[in-house]
Amino acid sequence: MTDGPAIAEHGLIGDLRTCALVGTDGTVDWFCAPRFDSPSVFGAVLDPDRGGSWRLDTLCEHSRTHQFYFPESATLVTRFLTDDGVVEVHDFMPIGGGDRQRLVRRLVAVRGTTRMRMCLDARPDYGRTTFAVEATARAVDFRTEDLRMRLTSSTELTVVDGVVAAEMTLTTGETAEFVLEVLGADDSADAAGGTDDVEELFTATAEFWRTWLAQSRYEGRWREMVERSAITLKLLTHQPTGAIIAAPTTSLPERVGGERNWDYRYVWMRDAGFSLYALLRLGFNEEANAFIEWLSQRLGRGQREKDGLGPLRVLYDIDGNEPVEEFRLDHLRGHAGSAPVRVGNAAVEQLQLDIYGDLIDSVYLFDKYGPGISYDAWSDVVFVIDWLVDNWTRDDAGMWEIRDQARPHTTSRLMCWVALERAIRIARRRGLPADLVTWTATRDEIYHRIMTKSWNSDLQAFTQVEGGDRLDAGVLLMPMVKFISPADPRFLSTLEAVERELVTDSLVFRYDPATDGLDGDEGTFSLCTFWYVEALTRAGRLRDAQLALEKMFTYANHVGLYAEQVSATGDQVGNFPQAFTHLSLISAAINLDRALG
């Protein structure tokens, strides 16, 4: 058995409906078609032997690679440097071609003469089925009951046992092109395009990204990192619906060899307010409008109490439905042997009260900076807040989706306070009808509850749960959501306690993993590190914040992407790349820039 590139050794390309991971060795080892949450066609990142992949590499005895993005774009370049010459692979997915989805790979000989080979081994449905394959000299059709694709090539192809291969020798200036197109159910194979327009597609794709990025209002110190995060966030946006997924992958391990492997190809309510904040602050109003429309549909009064979980779910698929029931793919051994591989996410069955604060905060931001909330949307807000008034005292799974017993999490109380406080603000500013007496009384009760029951006088810190003695990095959000002044002695002493217990060389653990009911440990949580930067900023410790941010930037991969966590050895672990990490990077950079002046 072999292992492919590490999690961080990948770049991301996409067409705003799905995406692909391309390893530093030139292999596409993760690609789901036609959507982010579709079964994989190439899944070698989870099992190099069974998952399927699309390889481009040299036939030279010695070669090494470099990988980078074309400036201001999501077009990825992998350079093969050999004794005989240099060849670049340009990987991209065109955008704006109607319903046509294409993954384009172009080889360009930059210098010398180099022998190259291509091997496409497609394994549909997570490697559980096979394609029926029909081939001509320069095109191959793939078909299952649920998926049809066509590969076209500028060079001769061979097919053996369903695996497509080609070899070619390229001299300076010569190119070879390969286009894998996903066909609709009613498309004939002849509907697929060829390779003649690859240069035109390349130029149009680059122009799309440059034009889109030009909308960004960020001109601060860390422009390159912020803009790469913005592009990554855009790549994780499903354009037809406006949904923003948490990550494009499933089951990349939080600890290599461990069981903390989850499916993140869904939309988390927890991410909503942070997504809206980042999009609005950067000036991407079209994306903010689309996402708030998607969120508003989830907020609708048709979503009623279900199994005691309240009117909202923790996560949804990109269509706004509950994900499929969580199950395991036991035929895949997992990334670097990290089983199980999971599809679906059982967190959808949890009660997480913090999501109501995240959602109402996003509505508040949109109402404040956008065109304003509608009558129907406000009626939905009132319904949700009235439910929350009656249910905020319940124990829940918390913002980290702990799969152990429900508990009275401080961050859940905090975000319930946010939901009520923001709803009250909207009502007062707009003069909208609401039971402000009840809402205000409940908001104040939550405030006093946190200040008394979640405060540990011995630790001089807010704790993970009421009456507890463990810390949680989620309390760093307190000044960010305007619950407490960043100069309040209780927050400053909490910040010091978090630094003692959860911070290691600026990296931040979200909590003590020994308390969550799962085996093994986990890495530091990258979004918590950016929260720490922002907490330092708001506390006036600007040089400490700048140092922590600059250190965190060194943990990005070679193209500026972040997974969910950083391991004890400094390796990126968890699903990759993670939207929440890049959202928190944007927020931390914007606020530190503003504070530094």
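Each chain carries its own residue numbering, running from 1 in the direction its sequence is written. Local features in this predicted model are restricted to residues of pLDDT 70 or higher, and side-chain atom pairs are both shown and tallied only at a pLDDT of 80 or more, whereas totals for entire chains, interfaces and linings draw on every residue. No hydrogens and no water enter the side-chain calculation; it runs on all heavy atoms of the structure.

The protein has the name GH15 family glucan-1,4-alpha-glucosidase in an unreviewed UniProt entry, where Mycolicibacterium iranicum is given as its organism.

Computed from the structure, the largest pocket encloses a volume of approximately 560 Å³. Sorting the residues of the lining of the largest pocket by element identifies helix 4 (272-282), helix 6 (354-369), helix 8 (410-430), helix 11 (526-538) and helix 13 (579-596) as the ones contributing at least two each. Helix and strand definitions follow DSSP, with helices as H or I runs of at least four residues and strands as E runs of at least two, each counted in order from the N terminus. Element by element, the count of residues in the lining of the largest pocket is highest for helix 6, at seven residues. When its residues are assigned to classes, the lining of the largest pocket shows 11 nonpolar, three polar and 11 charged. Volume-wise, the second largest pocket comes out at about 300 Å³. Points on a 1 Å grid over protein atoms alone make up a cavity when a 1.4 Å probe fits among them but cannot get out, and a pocket when they form an open set with protein on both sides within 12 Å along at least five of seven lines; lining residues each have an atom within 4 Å of a point. In terms of lining, the second largest pocket is formed by 21 residues, of which the most central are S567, T569, D571, Q572 and V573. As a working rule, the residues Ala, Val, Leu, Ile, Met, Phe, Trp, Tyr, Cys and Pro are called nonpolar, Asp, Glu, Lys and Arg charged, and the rest polar, with Gly in that last group. When the residues that make up the lining of the second largest pocket are grouped by side-chain class, the tally is eight nonpolar, eight polar and five charged. Grid points are joined across faces, edges and corners, and a volume is the space filled by probe spheres set on the points.

Quick look at empty space enclosed by the protein now. Tallying each qualifying case throughout the model produces two cavities of 30 Å³ or more. Of the volumes computed, that of the second largest cavity is approximately 50 Å³. Lining the second largest cavity, in full, are W212, A230, L233, K234, T237, A278, L279, L282, F284, E287 and I586. Only helix 3 (223-235) and helix 4 provide two or more residues apiece to the lining of the second largest cavity.

Working definition: a disulfide is two cysteine sulfur atoms within 2.5 Å of each other. Within this structure, the stated rule accounts for zero disulfides. Not engaged in a disulfide, the cysteine C19 finds its nearest cysteine sulfur in C32; these two sulfurs lie 7.6 Å apart. Classification of C19 as buried rests on a relative accessible area of 3%. Cysteine C119 shares no disulfide, and the gap to the nearest cysteine sulfur, in C60, comes to 17 Å. Here's how the labels work: a residue is buried when its accessible area is under 20% of the maximum for its type, exposed when over 50%, partly exposed in between, all with a 1.4 Å probe on protein chains only.

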